Amino acid sequence: MEDTAVTFPLRIQEVSYQYEEEAQNAVDHVSMEIAKGSFVAVLGHNGSGKSTLAKLMNALFLPTEGKVLVCGMDTATEEEVWNVRRHAGMVFQNPDNQIVANMVREDVAFGLENLGVPQVDMPSRIEEALRCVQMTDFAQSAPHMLSGGQKQRVAIAGVLAMQPDVMIMDESTAMLDPSGRKEVLNSVRKLNREQQMTVVWITHFMEEAAVADRVIVLDKGKTAMDGTPQEVFARVDEIKALGLDVPPMAELSVKLRNAGLELPEGILNVSDMVKELKKVLCPSK
Amino acid sequence: MLRDITLGQYMPGSSPVHRLDPRTKILLTMVYIAMIFCVRSPIWYILPLLYLVLCVRLAGLTFQQLLKAIKPLRFLLILTFLLNLFFSSGTTIWFQWGILRISQEGVFTAIHFSMRLIFLVAGTSILTLTTSPIALCDGIEILLKPLNRLRFPSHELAMMMTIALRFIPTLIEEADKIMKAQMARGADFESGNLMKRAKAMVPLLVPLFVSAFRRAGDLAMAMEARCYHGGEGRTRLRVLRFGQLDLWATLITVGGLLLVIFTGVWFS
Amino acid sequence: MPIKVEHLTHTYMPGSPFASVALNDVSLTIEDGELIGLLGHTGSGKTTLVQHLNGLLKPTQGQIWVDDLEITQKGVSLIEVRRKVGLVFQYPEYQLFEETVAKDIAFGPKNIGLSTEEINQRVREAIQQVGLHYDDVAERSPFELSGGQMRRVAIAGVLAMRPKVLILDEPTAGLDPAGRRSILGMIRQLHEAGGMTVIMVSHNMDDISTLATRLVVMSKGRLVLTGTPREVFMQQELLQSIGLGIPQAAELAHALIAEGFDLPADLYTQEEVMQAILALAKKEAKPC
C-alpha cells in the first residue's frame, strides 16, 4: 500500500467532475497513474477537460465521482487538503495572476509562510528554488518588471520551495512568446531529469508534448489516447480529428512513409528526421 | 512606458532613517503629529523645523522632494490661509470691506493653520519617502495586531494592501492598453464636457473591471494552491526587530515633543 | 500604395532616465493587397510600429503616409486615420464592454458618426466577415461567448470601421490549434476575397509562412530584413541570431543540404520539402 503511494505519487481512479449548471461531465470517468519521476503531457483542445483535470489533482476541485490520490492521500479528505497541495504544486496559465508579493524573493516565500516553515529555514529554501529556475539574479526584482517567461519561472520557484512531489503545469506556457515557452519548458524538463521531479504538463502545444515521456490526449472529458509521444503522434489523422496538431516532422514522416519511403515510426523532430533519411538515402556529394 | 512609474514616493536608500524599523517610523510620525498640534504660536514652529531639517539631512533627502510632496496641496493651503485671514473673529481690525475683515488675530490664525498643514504634510512625507510600501504594510500589520482581540482583521488588511500594491502597475498597464484599443475604434477620451467625458469612460472601465475580477479569481485560486489559509499559523520571511537606532530616534523625537509642550506652557 | 513609412524613430519617455529607443530609423512601403507578416522577438518594436500606423503613437522623428495622407502631420483628423487603418490588439476580447455583440461592434461606426442604418448594415456585414451568424450572436452578451468567438467579435468591431488596411497583433495568441487554424482561415478570407491589405504581427513561423505574401523582420527597433517568405527563410543564421526560428520544413531542408544532399536552398513548405525528398529517393533509390 505504502509502496504505490511512492512509485505513483498521483493516482486518478475513475474520476468525474461536473460543473454546476452543466449537463455533461467536464471530466468523465478518467483513470491514470502517474509514475514517480515521469514527465507526462496532457493534451487536448480548449474545453476538452484538461484544465478541470489539473484542478482535480490538488484538491482545488473535488471529484463528483471517483478518487484522486496524491502520495496516497485522498484529496477529498478535508484534513489533508493543505498536505495534498504541498505535495502537488501547481503553476497556472496567466503569469500575472499568480504572483502575490511585490518582490520575487518574497513571492517565493509565500508558500513557505503559509506552511508555517520557521523563518530561519526560509532563506536557504528560497535561494535553492530560485537557483533551480535560474532566477537568482532577480531575487530583489519587482514582478511587474519581468518578462512572461521569467514570471512563470518565479511561480515555479514558489512551488519548488514547498518541496512538492508532483508539479502540475496548467497550460503554463499558453500566454508566453516562443522564447518564454522554451525557457519554462527547459527549466521544468531539467528539474525532471536532475531531481526526478514528477511533472504533469498540460498544454495544447504539440512541440512541448513531443519531449514528454508519455502523452495523454483528452477529448470531451475522456482519455482518447495514451502512450509515448512516438506512438501518439504516429496517429496523425486521429489527432487532427480531435482538433489538435501533430509536430510537423511527425506529419512529414507519415506522408513520406505513405509515399513508399522506408522510414521508421516515431520521428518527432528535425534531427531524428535527418538521421533516418541518411539511412535510406545517400548524399550525392 | 507606464510600468516604469514608481509607486508612491518611496526613494530607496540606506540612510539611518531608511534603516529604522517601520513600526518605529509609524509611531514616531504620530509623535511628530502630536508635536505639531502642541505648537501654540507660529514662532515656535522653529522646533519642528529643526527636527525636520535633521530628518531630511539624516535621510539624505532634499527639500525639493519635500516641496514636491506639498505641491498637490497648494490650493487647500491657499484656501485655508484666505478663509482664516478674512473670516476669523478678532478685535484688532486692520482692514474691513463688507463682511471681509482682516484682524491681527486673523493674520495670526491664518499663518498658524497654514504652517500646521505644511508641517504635517512635510513630516508624513518623510515617512513615505524613506519607507517602502512593503515595509509600511508590515509595520501596520504588526502594530494593529493587538486589535485582533477585538476581531479586527489586521492580517487580512495587510494582505489586501500588499496585493493592491502588487497589482496597481499591472492594472495601469492594462488600462493603457484598453484605452488604446478603444481609441483605435475611434473612441475619444479627451474632448467634450464633463458628462460626455464621464460617459466616454464606460468602454474603458467595463473591460477593466471584468479583467480585475478575472484576475482576482485567478489569484485566489493560485493562493489556495499555495496553501494560503489566512493568518493563522503563518510564519514570516521578514521579521522586524528594534535596534539601537530605533532607541535613538525615539529619544530625539519624544525629546522634541516635550520641548514643544514646554514652550507652550512656559511662554503662554 | 496605402502605407509609406519614412525614417521613423520613436523614443519612449525621452529625456527621462527611463528613455528607450523603441524604433530606430525604420522605412517601409506597403502596397495595396499585400499580406505582410511582421516578425520579431518580444521587444523588437513590432507593436510600437503598428501603433504608429493608426496614429496611436506619435513619432519622435519621421513621417508616415496612409493613402497619400501624411498622418504624422499636425492637425490631421485621427478619426480619418482610424477609418483607413484598423488595428486589432493582442487578446482583443479583453476590450469588449457592451451589453450585446451588435452594440459592441457598432461602437466604432458610431464614433465616426455614421447613420443608424449604415451602422446596422455594417454590423451585419462584419459579423458575417468573421464567420459568425448574425441571428445567433447579435443580441447575446459578448461575455457569454467562448474565447474564440469573443475574439471574432472583437475583430468584427474593427472590421465595421471598414478599414483599407487591417493590422492584427498576434491574432492567434493563446488559442488551441483548431482555434488558430480557423482565425488564420478567416484572415486569409479577408485578404483574398475581401481584397484587404493585411499586416499580421506574429512570432509563429509556421502560421505566417503559409499566409504572408511578404515578411518584414524587426530586431531591436530596426527593420533588418524584408522579402517573400522564400527569401527570408533562406537567412536561417540571421534569423536565429535575432532569436527567431524558421519553419521546421525549411530547417530540415537546410540540415539535409548541410549533410551533402542535393536539394534546392529555398524550400520552406512541407509539401515542397516532401516532393524534393521523394525526387531524391527516386534518383538514389538504394542506400549507399
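Predicted model only: the values in this text are computed from it and were never measured.

Caption draft 1: Representation of a nonpolar patch on the surface. Residues and elements named next belong to chain B. On the surface, Ile46, Leu49, Leu50, Val53 and Phe63 cluster together into a nonpolar patch covering about 410 Å² of accessible area. If one sorts the elements of the nonpolar patch by residue count, helix H3 (residues 46-59) sits on top with four residues. Secondary-structure assignment places leucine 50 in helix H3.

Caption draft 2: The interface of chain C and chain B, seen in detail. On the chain B side, the residues contacting the 25 residues of chain C number 18 residues. Taken over both partners, the interface formed by chain C and chain B buries close to 2000 Å², and the fraction arising from carbon and sulfur atoms is 64%. One can count one salt bridge joining chain C with chain B. Here arginine 185 of chain B makes a salt bridge to aspartate 104 of chain C, at a shortest N to O gap of 3.0 Å. The set of elements that each furnish at least two residues to the side of chain C that touches chain B consists of helix H2 (78-84), helix H3 (101-111) and helix H6 (147-159) of chain C. Counting residues per element, the side of chain C that touches chain B draws most heavily on H3 of chain C, at five residues. For the side of chain C that touches chain B, a count of residues per class yields 16 nonpolar, seven polar and two charged.

Caption draft 3: Looking closely at the sheet that holds strand S2 (residues 20-30) of chain C. All names here are of chain C. The strand order across the open sheet built from four strands is S2-S1-S4-S5, with neighbouring strands paired in antiparallel fashion. Of all the strands in the sheet, just S2 and strand S5 (69-70) have a single pairing partner and so form its edges. As judged from the five bridges shared by strand S1 (residues 3-12) and strand S4 (residues 61-66), these two strands associate in the antiparallel manner. Pairing of valine 5 across the sheet is with isoleucine 64, part of S4. Across the sheet, helix H1 (residues 46-53) is in contact with S1, S2 and S4; its angle to S1 comes to roughly 120 degrees.

Caption draft 4: Up close: the sheet that holds strand S1 (residues 10-17) of chain A. All names here are of chain A. Taking strand neighbours across the sheet as the criterion, the four strands line up as S2-S1-S4-S5 in an open arrangement whose pairing is antiparallel. Two strands bound the open sheet, and with one partner strand each, they are strand S2 (27-34) and strand S5 (73-74). Where strand S4 (residues 65-70) lies against S5, two bridges are found, and the strand directions are antiparallel. By the bridge assignment, leucine 69 is partnered in S5 with aspartate 74.

Caption draft 5: Structural context of helix H7 (residues 177-192) of chain C. Taking 1.5 Å per residue as the helical rise, H7 of chain C with its 16 residues ought to reach 22 Å, and the 22 Å between its terminal C-alpha atoms agrees with that figure. Among the residues of H7 of chain C, Pro177, Gly179, Arg180, Ile183, Leu184, Met186, Ile187, Leu190 and His191 of chain C are the ones counted as buried.

Caption draft 6: Representation of the confidence of the model for chain B. Residues and elements named next belong to chain B. Across chain B, the average pLDDT comes to 88, with 97% of residues at 70 or higher. When pLDDT is averaged over each helix and strand of chain B, the minimum, 78, is found for strand S1 (residues 93-97) and the maximum, 95, for helix H10 (residues 202-225). In the predicted structure, residues 1-7 sits below a pLDDT of 50 and forms 15 contacts with residues beyond four places in sequence or in another chain. As scored by the predictor, the complex reaches a pTM of 0.88 and an ipTM of 0.91.

Caption draft 7: Spatial organisation of the pairing of strand S3 (residues 35-40) of chain C. All names here are of chain C. Counting buried residues along S3, six of its six residues qualify, which places the element largely inside the surrounding structure. The side-chain alternation of S3 yields two buried faces, one formed by Leu35, Gly37 and Leu39 and the other by Ile36, Leu38 and Gly40. Where S3 meets strand S8 (residues 197-202), five bridges bridge the pair, whose relative direction is parallel. Counterpart to leucine 39 in the pairing with S8 is serine 202. Across five bridges, the pairing between S3 and strand S9 (residues 214-219) is parallel. Note that in S9 the partner of glycine 40 across the bridge is methionine 218.

Caption draft 8: Seen up close, the packing of helix H2 (residues 22-38) of chain B against helix H6 (residues 104-130) of chain B. Residue and element names in this part refer to chain B. The contact between H2 and H6 brings their axes to 10 Å, and the two run at 170 degrees. It follows from the interaxial angle that H2 and H6 lie roughly antiparallel. Listed contacts from H6 to Lys25, Ile26, Thr29, Tyr32, Ile33, Ile36 and Phe37 of H2 are Arg116, Phe119, Leu120, Gly123, Thr124, Leu127 and Thr130. Grouping the constituent residues of the contact of H2 with H6 by class yields eight nonpolar, four polar and two charged.

Caption draft 9: Highlighting the side chain of arginine 151 of chain C. All names here are of chain C. For arginine 151, the position within the fold is in helix H6. A relative accessible area of 2% places arginine 151 in the buried class. A polar contact is formed between the side chain of arginine 151 and the backbone oxygen of proline 171, at a distance of 2.7 Å. Within the structure, arginine 151 has its side chain in polar contact with the backbone oxygen of alanine 173 (distance 2.8 Å).

Caption draft 10: Layout of unusual backbone geometry. All names here are of chain A. Of note, the phi angle at glutamate 14 is positive, near 50 degrees, even though the residue is not glycine. In this structure, glutamate 14 sits in strand S1. By relative accessible area, which is 43% here, glutamate 14 ends up partly exposed. You will see that cysteine 71, though not glycine, has its phi angle at about 50 degrees, which is positive. Inspection of the secondary structure puts cysteine 71 in the loop between S4 and S5.

Caption draft 11: Focus on the environment of methionine 150 of chain C. Position of methionine 150 of chain C among the secondary structure elements: in helix H6. Between the C-alpha atom of methionine 150 of chain C and that of glutamate 117 of chain C, which follows or precedes it by 33 residues, the distance is 24 Å.

Caption draft 12: Looking closely at the pattern of salt bridges. Tallied over the full model, the rule gives 41 salt bridges over all chains. For aspartate 21 of chain B, the salt bridge is made with arginine 23 of chain B, and the minimal N-O distance between the two is 2.8 Å. The pair aspartate 21 of chain B / arginine 23 of chain B is uniform in exposure class, with both members buried. Salt-bridge contacts for glutamate 118 of chain C lead to arginine 162 of chain C; the nearest nitrogen and oxygen are separated by 3.7 Å. Highlighted residues: glutamate 118 of chain C in helix H4 (residues 116-129) and arginine 162 of chain C in the loop between H6 and strand S7 (165-169), separated in sequence by 44 residues. Residue class for arginine 162 of chain C comes out partly exposed when judged on its relative accessible area of 35%. A single network of salt bridges, built from pairs that share partners, joins Glu106 of chain A together with Asp138, Glu141, Arg236 and Arg238 of chain B.

Caption draft 13: Inspection of the state of the cysteines at higher detail. In the structure shown here, the tally under the stated rule is zero disulfides over all chains. Distance from the sulfur of cysteine 132 of chain A, which forms no disulfide, to the nearest cysteine sulfur (cysteine 71 of chain A) is 18 Å. The exposure class assigned to cysteine 132 of chain A is buried, which follows from its relative accessible area of 8%. Cysteine cysteine 38 of chain B shares no disulfide, and the gap to the nearest cysteine sulfur, in cysteine 55 of chain B, comes to 17 Å. Note on cysteine 38 of chain B: relative accessible area 23%, which makes it partly exposed.

Rules used throughout
Residues numbered from 1 in each chain as written. Chains lettered and ligands numbered in written order. Predicted model: local features only at pLDDT ≥ 70, side-chain atom pairs only at ≥ 80, totals over all residues. Heavy atoms only, no water. Patch = residues over 30% accessible without salt bridge, like charges linked within 9 Å, V, L, I, M, F, W, Y side chains within 5 Å. Areas by Shrake-Rupley, 256 points an atom, 1.4 Å probe, with all protein chains shown as cover. Salt bridge = Lys/Arg side-chain N within 4 Å of Asp/Glu carboxyl O. Helix = DSSP H or I, 4+ residues; strand = E, 2+ residues; numbered from the N terminus. Contact = heavy atoms within 4.5 Å. Buried area = accessible area lost by both parts, 1.4 Å probe. Nonpolar A, V, L, I, M, F, W, Y, C, P; charged D, E, K, R; others polar. Pairing = 2+ DSSP bridges. Axes fitted to C-alpha atoms, helices over the stretch in contact; angles between N-to-C directions. Expected span 1.5 Å × (residues − 1). Buried < 20%, exposed > 50% of the residue type's maximum accessible area, 1.4 Å probe, protein only. pLDDT = per-residue confidence, 0-100. Parallel < 35°, antiparallel > 145°, perpendicular 65-115°, else oblique. Polar contact = N/O pair within 3.5 Å; in protein donor to acceptor, adjacent residues only side chain to side chain. Disulfide = S-S within 2.5 Å.

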